[in-house]
Every structure is written in structure tokens, then in C-alpha cells.
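# Structural overview
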Amino acid sequence: MQHTSPIPSATTEILARRLFEIEESQTLAMARKSRELKEQGIEVINLNLGEPDFPTPDHIKAAAKQAIDDNFSFYPPVSGFLDLRKAICEKLQRENNLHYSPDQIVVSTGAKQSIANVMLSIVNPEDEVLIFSPYWVSYSGLVQLAQGTPVLIKASLENDYKVTPAQVAAAITPKTKAVIFSSPCNPTGSVFSEGELRAIAEVLAPYPNIIVIADEIYEHIHFGTKPFSIGAVESLKDRVVTINGMSKGFAMTGWRLGYAAAPLAIAKACDKIQGQITSGANTIAQRAALAALSSDLAPTKAMNEAYLRRRDLIKSLLDDIEGLKSNLPEGAFYIFPDVSAFFGKQYKHYTIQNSEDLCMYLLNEAHLSLVMGEAFGEPNCVRISFAASDAHIIEGMRRLKAALAQLS
Ligand code: PMP
Ligand code: GLU
């Protein structure tokens, strides 16, 4: 992965080496680039950043307003308010069959920070972290920030982008410290079944020192049976870190609130790190999260229905474009077509050698913003978010089809 860093070279002597060892988040980079075009008055269709296009449900907003009036304006406990941590434990028990106690919960400024806390808590410089690939863009960067080595286990389209137990077994070495994956998966939309996760758990069972990090941030966005939580498998007891948050299921990306449920030692370590970095998550967002987790999931379910409709819409439009191959997403709000049939093709001064070239061509010529598969460990693909209106999906796919047809 070699992407242009936005850090000017004149500053390289000032900045720490670690800055040059990690990549810029490509999801955020594409969002920035399309914002720049928009500022020039160009009408860009953004299917890049993965965030719900719905506003936060009213009862959650009302709880936040109330929290301001109730003077929740003081520093919170570093790991989060106790009543929120209790509500998280109840939710994990009720919905996921996971048994954590409130002292095992650390509430943070988004699930991204939760993952960062965990990596900084467990990874030593010589450690390897297994990442099921295609993977969410920040996993490798966060492992590298913690000075560990990301080890990608590559799944293929033929296997619905799900790694097999045999692949996991083959990737384990004495240096393996942890394994991380998301299910439903960003960027492929794949969802591991209970049977598949139990088979992977069986492979991990003989290695009690390997920590399993299950990123369940898309749990509410699924189009089949409810996703299974690997932390519910008895043989992995006491070494699964479950990551979740408010961003996706409750349309609260900007509130920046996530959490980790972890073995006690890891939870204490996250608390210690967070105590030095942020002092804890925003109090108003915490009160809003408490309301969200303790109330009816009707708004979440309504959003899920809209995503299902959009999944079907985008899949049928993509299937109509010759040369693209994609799996059927079972969850999350992304589709990840293989675009390699277009590599080697040209239009004007553009030569498409990889998915980054294709994304830049689509952005500049078709004003359609997607994210290159390289960012997710799969250079043959591009990621398309369908957390967008039907009109944007239809127009985006029209532009994609026309731009691809121009390549020869
Ligand atoms: N995990 C995955 C798989 C994601 O797609 C994201 C992006 N929302 C996150 C974690 C981080 O979420 P947030 O920091 O917004 O809670
Ligand atoms: N997780 C979203 C995505 O993958 C938001 C961007 C980010 O947090 O990096 O697009």
C-alpha cells in the first residue's frame, strides 16, 4: 500500500517517524478529496464514507438536550458513567448472549478509539496481529501505531470474502498476539454464521494467549439472521474483546461514542491509556447513548429496512454493468465489486492500472467518489457505500456504468 501522504515533505524532520510508517485513512481521504471538488461547485456523488444518511432518532437527541440542562458538564469517570456501563452489559447479555460486568466496559470517543486503546494495551513491538482481509481500513494502521505487525489472512470472492478455519490455523505463529475482524464486515458486507465462527473458535481454542477482537459495530445492519457474537463461545471465555458503538445502528457518527467490552486486565489497561489521552468520552454523548441502549429499537429497525432495499437496488444496478463481479452483502452498507477487468484500459490521459487509478478517474471524470480496494487489503476491488438515497445510488451507478464503458 503506497498512498500519497498529505504531510508536506518539508516537515519530515520535525515529525516523528511513526507518522511515516502509517497510512492516511483512505476513507477519510476520499471524503476530503470529494469535499474539495464540491467546494469548486462540482456536483459529486459521494458513495465513499460509510455513515448513515439518517439523522439521529429524536428520543436520543432529547436525552442529550436534557443532559445539557441537567448540567452533565463535568469530567466523567474515565471508563464512562456507571449507569451507561451497566446498560451496555445488559444490552450485551440481552442481545448477544455475552457476559461482561461493568468494570469490563470502557466507553470511548468512537469504536475507532476503542480499537486503538486495545491495540495499545496488548501489542508489543514483536507481536503479530492477524487481520481477516478484506478488512476495515484502520485495523492495520492501529496495529502499526502500536508497533505491531499486521498479518493479513486473505479471503476471496469465491468464498464470500470469509476466511476459513484452515487459513486461520495456517497464519498462527508463536508471535500471534491477537486476531481482529468485523462481522458484518466493512468493506464486503459478509456476515459469518454461528457455525463458521464456532469453527474459527475451535482453531483458536488451543492458544489461550491469543486475544480475539470482534468488531460488531454493524450488528444492527443485517439482511438475514442476526449476526452471532464469537464472545458467546465457551472455549474463548475471558479472551474476547467485543467492540461496538453508536455510530452505525443509531445514526450517531458525529457524536463519537463507542465501547469495548474486554477481559478485566485489558479493560483496566484501556482505562489507563484513555486516562492519559482523553480523560473519557463526551458526557452529553454518553447520556444520549444511555437513552439509545435502553429504549426500543424501532428506529434502528426502520433504518435497517431502508438499507436492505438499497442493497437490493445497488446489487441489481451493479449486476447490469459488464465486467464487475460482486458478492451479495448480508450486512453493513457496503458493496465491494471486483473491478480488475478494467485494469490496463485507457481513456484520454488516464491509464487504469489499479483500483486507486480507477477511483481517481471516476472522481475526476464522472464526479463519483468511491474508495479504492487497496485501503482494505484487496486491490482488485472498489468499495461503494449504499448508505445514501435511492436517487444518489441510481445516479452514482449510472455514472459508474458510463465511465467504465468509456475505457478501452
Ligand atoms: N469498525 C468498523 C468496521 C467501522 O466501519 C468503523 C467506522 N465507523 C468503526 C469501527 C469506527 O466507528 P466509530 O469510531 O465511528 O464508532
Ligand atoms: N467507518 C467508516 C468508513 O469505513 C467511516 C470512516 C472512518 O471512520 O474511517 O467509511
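In the block above lies the structure referred to throughout.
Bear in mind the structure is a predicted one, so any value in this text is a computation, not a measurement. Along every chain, residues carry numbers that run from 1 in the direction the sequence is written. Each chain is given a letter, starting from A, and each ligand a number, starting from 1, according to the order in which they appear as written. For this predicted model, a pLDDT threshold of at least 70 governs which residues receive local features, and a threshold of 80 or more governs which side-chain atom pairs are given and counted, while totals over whole chains, interfaces and linings are taken from all residues. Only hydrogens and water are set aside; all other atoms, that is, all heavy atoms of the structure, feed into the side-chain values.

## Observations concerning the sheet that holds strand β14 (residues 382-385)
This is how it is decided: For two strands to pair, DSSP has to find at least two bridges joining them. Note on conventions: DSSP H or I runs of at least 4 residues are helices, E runs of at least 2 residues are strands, and numbering of each starts at the N terminus.
Read from one edge to the other, the open sheet built from three strands follows the order β9-β14-β13, with strand pairing classed as antiparallel. The sheet terminates laterally at β9 (334-335) and β13 (371-372), the two strands that pair on one side only. Sheet analysis places β13 next to β14, joined by two bridges and oriented antiparallel. In the strand pairing of β14, Val371 is matched with Arg383.

## Structural notes on the pattern of salt bridges
This is how the line gets drawn: Think of a salt bridge as a Lys or Arg side-chain nitrogen and an Asp or Glu carboxyl oxygen that are within 4 Å of each other. Here's how the labels work: a residue is buried when its accessible area is under 20% of the maximum for its type, exposed when over 50%, partly exposed in between, all with a 1.4 Å probe on protein chains only.
Enumeration over the complete set of coordinates arrives at 21 salt bridges. Residue Arg399 is joined to Glu43 by a salt bridge in which the shortest nitrogen-to-oxygen separation is 3.1 Å. Of this pair, Arg399 sits in helix α13 (residues 390-406) while Glu43 is found in the loop between α2 (26-39) and β1 (45-46), placing the two residues 356 residues apart along the sequence. Residue Glu43 is classed as partly exposed on the basis of its relative accessible area, which comes to 49%. Across the pair Arg198 and Glu194 runs a salt bridge, and its minimum N-O distance is 2.9 Å. Of this pair, Arg198 and Glu194 are both found in helix α8 (residues 194-204), four residues apart, which corresponds to roughly one turn of the helix. The exposure class of Arg198 is partly exposed, given its relative accessible area of 36%.

## Some points on the site of ligand 1
Inclusion rule: To be near a molecule or strand, a residue needs just one of its heavy atoms within 4 Å of it. Under the rule applied, a polar contact is a pair of N or O atoms within 3.5 Å (in protein, one hydrogen donor and one hydrogen acceptor; residues adjacent in sequence only if both atoms are side-chain atoms). Every accessible area reported is derived by Shrake-Rupley at a probe size of 1.4 Å, with residue values counting cover from the shown protein chains alone. Whether a set of points on the 1 Å grid over the protein atoms alone is a cavity depends on a 1.4 Å probe fitting there but being unable to get out, while an open set qualifies as a pocket with protein on both sides within 12 Å along at least five of seven lines; lining residues are those with an atom within 4 Å of a point. Should more than half of a molecule's atoms lie within 2 Å of a pocket's or cavity's grid points, that molecule is taken to sit in it.
Lining the immediate environment of ligand 1, one finds 13 residues, of which Ala111, Asp215, Tyr218, Ser247 and Lys248 sit closest. For ligand 1, an oxygen atom lies 2.7 Å from a polar atom in the backbone of Ala111. Interatomic distance of 2.6 Å between a side-chain N/O atom of Asp215 and a nitrogen atom of ligand 1. Protein chains bury 94% of the 390 Å² of accessible surface belonging to ligand 1 in isolation. Most atoms of ligand 1, that is more than half of them, are within 2 Å of grid points of the largest pocket.

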